[in-house]
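Letter by letter, the chains look like this.
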Amino acid sequence: MEKNRLKGFQQKSSFFEGYFSKYKDLIPEYDKFLEYLKTPLPQYFRINNLKVLDSNHLLELLKNKYGLIFEEVKKVPLFYKVIDSKEPSLGNLEEYGLGLIHSMTLTSSLPVIALDPKPEELILDLCAAPGGKTGLIAMLTEDKAVVVANDKRIDRLTALVANLKRLGITCVVTTCYRGELFPLGIPFQKVIVDVPCSGEGRYRVGMEGEILYQKFGRANLPSIQKGLLVRAFDLVQPGGIIVYSTCTINPEENEAVVDYLLRKRQAEILDWDSPLPYRTGLTEWEGKTFHPSLKLTKRFYTHEVEAVGFYVAKIKRLI
Ligand SMILES: C[S@@+](CC[C@H](N)C(=O)[O-])C[C@H]1O[C@@H](n2cnc3c(N)ncnc32)[C@H](O)[C@@H]1O
């Protein structure tokens, strides 16, 4: 029995060895990366500063009530990594229902950190549902920015509205447009565009079936991503900021998309301070060269950040 289980597991691991071999020279410490895929993604939660004034009191309560063992992520304020818990899903906790905590992967905070939202700014979240990043924008601005949260799927917007309500957020209005057709003419100061992607940064041993199934139904992601990023650029004021993000490793969905924008519009890549370890963006991939400033974009690998892998580009609209 144990032998069969082990055999199954080895077969599964070799699926990923095959799948990711195209990135062998790209992913740092590739063997360590493959090993890391065998471990479940850690859970993280963030304390909702809009509702919680005394986080020590709440943390004590979570420890005593659920035996929740966690460690503070010192580099990203108010984030905690779950080490152990009697309750497998944070979503089942009463304090989650009350909006005192929100669960999101640590790296999902990075595009918002790059965006650096400020109170009173008019901000568009073009692909917003289920609202992890919208919620964080609201929390970081003390609910004082003006945020438009858009998504093309009404069912996912319903989940976003429920999340924002639970967290006590009031500074967000929602819209349901295909991002590529979001109406022009509103003077947004910042736009975040967290596009649909292949999600390779989330892949884990055990997900093989899902990955193969997804491959069938996928439209041409890079062309959708290019359309969304160009529209995000056109929606922001000259001098404004766009943050583009994915949770995938694929350079065709990352650097190649940002490079396309640089060729189509007057844009500049900006550097930003990342609290988590990263690798610089690529300036070439499979014989294609990208603009040298793509080096300022950031790649976050799952085994180096102990969370979902991400890619983040901060861009300024020049004119
Ligand atoms: C990666 S998820 C966004 C996650 C979200 N930013 C968060 O932090 O919770 C991508 C989202 O894009 C939406 N989407 C896909 N194609 C779109 C399009 N053409 N226009 C607008 N939204 C789109 C999907 O419905 C999905 O909710």
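Because the structure is predicted, anything quoted here is derived from the model rather than measured.

**Regarding the sheet that holds strand S2 (residues 69-72)**
Taken in spatial order, the 4 strands line up as S2-S3-S1-S4 in an open sheet, and their pairing is antiparallel. For this open sheet the edge positions go to S2 and strand S4 (101-103), each flanked by a neighbour on one side alone. Going across the sheet, the axis of each strand differs from the next one's by a mean of 35°, ignoring polarity. Note that strand S1 (residues 44-47) and S4 share 3 bridges and pair antiparallel. By the bridge assignment for S4, isoleucine 47 is matched with isoleucine 101. Together, S1, S2, strand S3 (79-84) and S4 form the strand contacts of helix H3 (residues 55-66), whose direction differs from that of S1 by roughly 145°. Taken strand by strand, helix H6 (residues 132-140) contacts S1 and S4, and its axis lies near 30° from that of S1.

**As for the side chain of asparagine 163**
Relative to the elements of secondary structure, asparagine 163 occurs in helix H7 (residues 154-167). Asparagine 163 gets classed as buried once you look at its relative accessible area, which sits at 15%. Here the side chain of asparagine 163 touches proline 130 through a polar contact of 3.0 Å, landing on its backbone oxygen. Those residues in contact with asparagine 163 that lie beyond four places of it in its chain are Tyr96, His102 and Pro130.

**Topic: the packing of helix H9 (residues 221-235) against helix H10 (residues 255-264)**
The interhelical angle for the contact between H9 and H10, taken along N-to-C directions, is 45°, at an axis separation of 9 Å. Here H10 runs oblique to H9, going by the angle between their axes. By crossing handedness, the relation of H9 to H10 is classed as right-handed. Across the interface between the two elements, Pro222, Gln225, Lys226, Leu229, Val230 and Phe233 from H9 touch Ala256, Val257, Val258, Tyr260 and Leu261 from H10. Each residue belonging to the contact of H9 with H10 can be placed in one class, and the counts come to 9 nonpolar, 1 polar and 1 charged.

**Some remarks on the site of the ligand**
Of all residues adjacent to the ligand, which total 20 residues, the nearest are Asp151, Arg156, Gly179, Glu180 and Asp194. The separation between a nitrogen atom of the ligand and a polar main-chain atom of glycine 179 is 2.7 Å. A distance of 2.8 Å separates a nitrogen atom of the ligand from a polar side-chain atom of aspartate 194. Isolated, the ligand exposes 600 Å² of accessible area, and the fraction of that covered by the protein chains is 88%. Class assignment for the residues of the shell around the ligand results in 9 nonpolar, 3 polar and 8 charged.

**Re the pairing of S2**
Across 4 bridges, the pairing between S2 and S3 is antiparallel. Within the sheet, the bridge partner assigned to glutamate 72 lies in S3 and is tyrosine 80. Counted between consecutive antiparallel strands, the loop separating S2 from S3 contains 6 residues, among which leucine 78 sits at a positive phi close to 70°.

**Re the domain arrangement of the chain**
When its domains are assigned, the chain resolves into domain 1 (44-103) and domain 2 (106-317). Relative to domain 2, the C-alpha centre of domain 1 lies at a distance of 26 Å. Each side of the interface is counted separately: domain 1 has 18 residues, and domain 2 has 20 residues. Roughly 1,500 Å² of surface becomes buried between domain 1 and domain 2 when both sides are summed, with 62% attributable to carbon and sulfur atoms. Per-residue buried area on domain 1 facing domain 2 is highest for Tyr44, Leu50 and His102; these three make up 36% of the total on that side.

About the thresholds
Residues numbered from 1 in each chain as written. Predicted model: local features only at pLDDT ≥ 70, side-chain atom pairs only at ≥ 80, totals over all residues. Heavy atoms only, no water. Pairing = 2+ DSSP bridges. Helix = DSSP H or I, 4+ residues; strand = E, 2+ residues; numbered from the N terminus. Axes fitted to C-alpha atoms, helices over the stretch in contact; angles between N-to-C directions. Contact = heavy atoms within 4.5 Å. Buried < 20%, exposed > 50% of the residue type's maximum accessible area, 1.4 Å probe, protein only. Polar contact = N/O pair within 3.5 Å; in protein donor to acceptor, adjacent residues only side chain to side chain. Parallel < 35°, antiparallel > 145°, perpendicular 65-115°, else oblique. Left-handed = near helix turned anticlockwise from the far one by under 90°. Nonpolar A, V, L, I, M, F, W, Y, C, P; charged D, E, K, R; others polar. Near = heavy atom within 4 Å. Areas by Shrake-Rupley, 256 points an atom, 1.4 Å probe, with all protein chains shown as cover. Domains from an automatic or database assignment. Buried area = accessible area lost by both parts, 1.4 Å probe.

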